[in-house]
Number of protein chains: 2
Amino acid sequence: MAQALHDAETAASFDPDEVEQITRAAWHYYNDGLTQNEIADVLGVSRIKISRLLEKGRQTGLIELRINAPHAGCLTLQKQLITAFGLVDARVVPSANNLPVVPRIGRAAASFLMQKLEPNDLLAIGWGETVATALRYAAPVFPQNNISLVSLTGGVSAYVGTTGLHGPQSNAHLIPTPLRVSSQELAQMLRVEPYVRYVLDMAATARMALVGVGVVSNAATLVRYGYCTSTELEVFARRGAVGDILGYFYDAQGEIIDFDIHRHVVAIGVEDLRRIPNRAAAAAGLQKVDAILGLLRGRLANILITDQATAEELLRRGN
Amino acid sequence: MAQALHDAETAASFDPDEVEQITRAAWHYYNDGLTQNEIADVLGVSRIKISRLLEKGRQTGLIELRINAPHAGCLTLQKQLITAFGLVDARVVPSANNLPVVPRIGRAAASFLMQKLEPNDLLAIGWGETVATALRYAAPVFPQNNISLVSLTGGVSAYVGTTGLHGPQSNAHLIPTPLRVSSQELAQMLRVEPYVRYVLDMAATARMALVGVGVVSNAATLVRYGYCTSTELEVFARRGAVGDILGYFYDAQGEIIDFDIHRHVVAIGVEDLRRIPNRAAAAAGLQKVDAILGLLRGRLANILITDQATAEELLRRGN
DNA sequence: TCATCTATTGATCATTTGAACATATTACGG
DNA sequence: CCGTAATATGTTCAAATGATCAATAGATGA
């Protein structure tokens, strides 16, 4: 079910030799200001190879570009979000009307993680496209700092697989089940499976979580990947659901509504989630404003990564 | 005396409008992958302007490029340095034979500072070319995180002036005297001047210090800027001096030697310096190996930022 | 007020760069 | 052992970029 959430175009390489080459090239290129040709001479390879090494470095997050001055307008928005919703932190990326939202937010989330995570930290991840994108950018760096991953729900292995976070050196503990299964009984059985239990317990100890926010509409990722039908969502919406987190639907105040589907979900409980001290939600888009508002009101997340337009709308409608 | 340590070519601008423009441009360029032309259209300015904004952003450190995987060979060296000399941390930049050393080490030091300093921190700075370069790169970012600067010695104002760290928003407390004055009496009078006293006391409370390492040879920066004569240095060398820190000369074991000049220096005392928990020395070059060895043996610094060749030589000769 | 000087902006062009294509090399299944 | 596919490397070329020079606006001082 929904196996190939993302095609594996970006399977990152961890060949130490290549990492060394990339680093060396990057150093010369960005710090020393050499041209690709000069680096090629120094390292004794062809120019195009340098070009490709640099490209790969940027893709994988090995080379990270940090903008040290928060965009003035957005800095204000960040502060406003923090105070208006009592957040721990917030990131607002400048708006860009006709650029796809997910990669932009994903990058911002990756950047946030790289800034906040400390060596040996444990990062818990939820389900969703934005989370997947963020991981794609941030994950290659994790082995360096010995950062471990743990999933908050089933169904994430599909897209973690595309981040290159496999192999002996990686440290990813993923719940090996779908997000939702067909019956309450099966879900319960899976939850008490030793390894599943183990991962869920570990997830509850994470210091930082990154989750996505689901909307209640046909466009929901849950629908697109077959975990829900549009019909179900219509019912949920009629009963007051505005969004979902980890497969749990909540109302405008962020209260989890009692739906059957919640007992079909293989995921950490909401109470446990709330005990994770840093819960970052990455989401943007005007269609998500209601969902985000509920999320923040219910303190299901206390960190928000979004874009300018969404932030403005949140502030207009919020509180 | 030695006023223009560096020409003011890089006087950074803090026009908030420009910072915003740079940020916006950088975001589109590096995160969204737009071309300069496209950004020019979006922001409504000429393409060449975007090019210049980006250039300025990189120069001033507003746009920071971080390489997330330590160079493999150098990572080893870093670890070896840390264990061999009992350091708190170390940075080793890859060697590049015919590139000037100072800017490379300076950038590495700036990068180190930006990584380690936390908002509202106080950074103490010593005297020297490398420190000046590091500041040039790192300083523009400080107002953002409300990082304050304090000088450990006199004579730094000359080069801090070139970092744009002036004006109301900046927070730089500099000792308004030369590094060395002509008599013991004058030095003593200056040290008890209220403002000088105040700055020295404040410096002693810093959590992080960045200092340079002076060699005992004609090439010493102290000589070039007129604080010492070659003749003096010859005498010092004959009496066992291998290097200087903040104007204090020490022997191969890092013991401060008792010289008259030390009483002519307006600087924090060595004991107070040693009480600063993180003392980073930035220096590279084979001619500095003896000086660095002494420095580390005497624990005058417990963090070292250097290059590959120097690190290897240190390890060969050290301990 | 004018002249001069400086700083900013704009245009041109050589260099640098990445994308598209072509080729070689290696891995793999029959 | 061969053929096929997948991967890596090399070549060519158009796009993108930054340096240089010219022009303009703005500041400074007599």
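Overview of the structure. (Residues numbered from 1 in each chain as written. Chains lettered and ligands numbered in written order. Predicted model: local features only at pLDDT ≥ 70, side-chain atom pairs only at ≥ 80, totals over all residues. Heavy atoms only, no water.)

**Description of the pairing of strand β6 (residues 208-211) of chain A**
All names here are of chain A. Let me state the cut-off plainly: Each residue gets one of three labels from its accessible area relative to the maximum for its type: buried under 20%, exposed over 50%, partly exposed in between, using a 1.4 Å probe on protein chains only. The secondary structure listing takes helices from DSSP runs of H or I that are at least 4 residues long and strands from runs of E that are at least 2 residues long, numbered from the N terminus. If DSSP finds at least two bridges between two strands, the strands pair.
Burial of the side chains of β6 extends over both faces: M208 and L210 are buried on one face and A209 and V211 on the other. Note: strand β3 (residues 122-125) against β6, three bridges, orientation parallel. Looking at the pairing, I125 lines up with L210 of β6.

**Some points on the interface of chain A and chain B**
Where interface size is quoted, it is often the accessible area lost as the parts come together. This is how it is decided: Contacts were defined at the residue level, with two residues in contact if any of their heavy atoms lie within 4.5 Å. Accessible surface is computed with a 1.4 Å probe, and the buried area is the amount of it that two parts give up when combined, taken over both parts together. For this analysis, a salt bridge means a side-chain nitrogen from Lys or Arg found within 4 Å of a carboxyl oxygen belonging to Asp or Glu. The residue classification treats Ala, Val, Leu, Ile, Met, Phe, Trp, Tyr, Cys and Pro as nonpolar and Asp, Glu, Lys and Arg as charged. All others, Gly included, are polar.
On the side of chain B, 36 residues touch chain A, which itself brings 36 residues to the contact. Taken together, both faces of the contact between chain A and chain B bury some 3300 Å²; the carbon and sulfur share is 60%. Summed over the shared surface of chain A and chain B, the number is four salt bridges. Where D32(A) meets R107(B), a salt bridge forms, and the shortest distance between an N and an O atom there is 3.9 Å. Secondary-structure elements contributing two or more residues to the side of chain A that touches chain B are α1 (16-31), β1 (63-67), α4 (72-85) and α5 (101-116) of chain A. For the side of chain A that touches chain B, the leading source of residues is α1(A), giving nine residues. Considering only residue class, the side of chain A that touches chain B consists of 19 nonpolar, 10 polar and seven charged.

**A short note on the sheet that holds strand β4 (residues 148-154) of chain A**
Residue and element names in this part refer to chain A. Worth spelling out the cut-off: With axes taken as lines fitted to C-alpha atoms, and helix axes fitted only over the stretch in contact, angles between N-to-C directions fall between 0 and 180 degrees.
The parallel open sheet is built from seven strands, whose spatial order is β2-β11-β10-β6-β3-β4-β5. Two strands close off the open sheet at either side, each with one partner strand: β2 (89-93) and β5 (172-175). The mean inter-strand angle of the sheet, taken between neighbouring strand axes irrespective of direction, is 15 degrees. Sheet contacts for α5: β2, β3, β6, β10 (278-282) and β11 (303-307); angle to β2, the most-contacted strand, approximately 140 degrees. Sheet strands touched by helix α15 (residues 308-317): β2 and β11. Its angle to β11, the strand with the most contacts, is close to 120 degrees.

**Some words on the side chain of H173(B)**
Residues and elements named next belong to chain B. One can find H173 in strand β5 (residues 172-175). Owing to a relative accessible area of 16%, H173 belongs among the buried residues under this scheme. Those residues in contact with H173, other than ones at most four positions away along the chain, are L149, V150, S151, Y195, Y198, V199 and M202.

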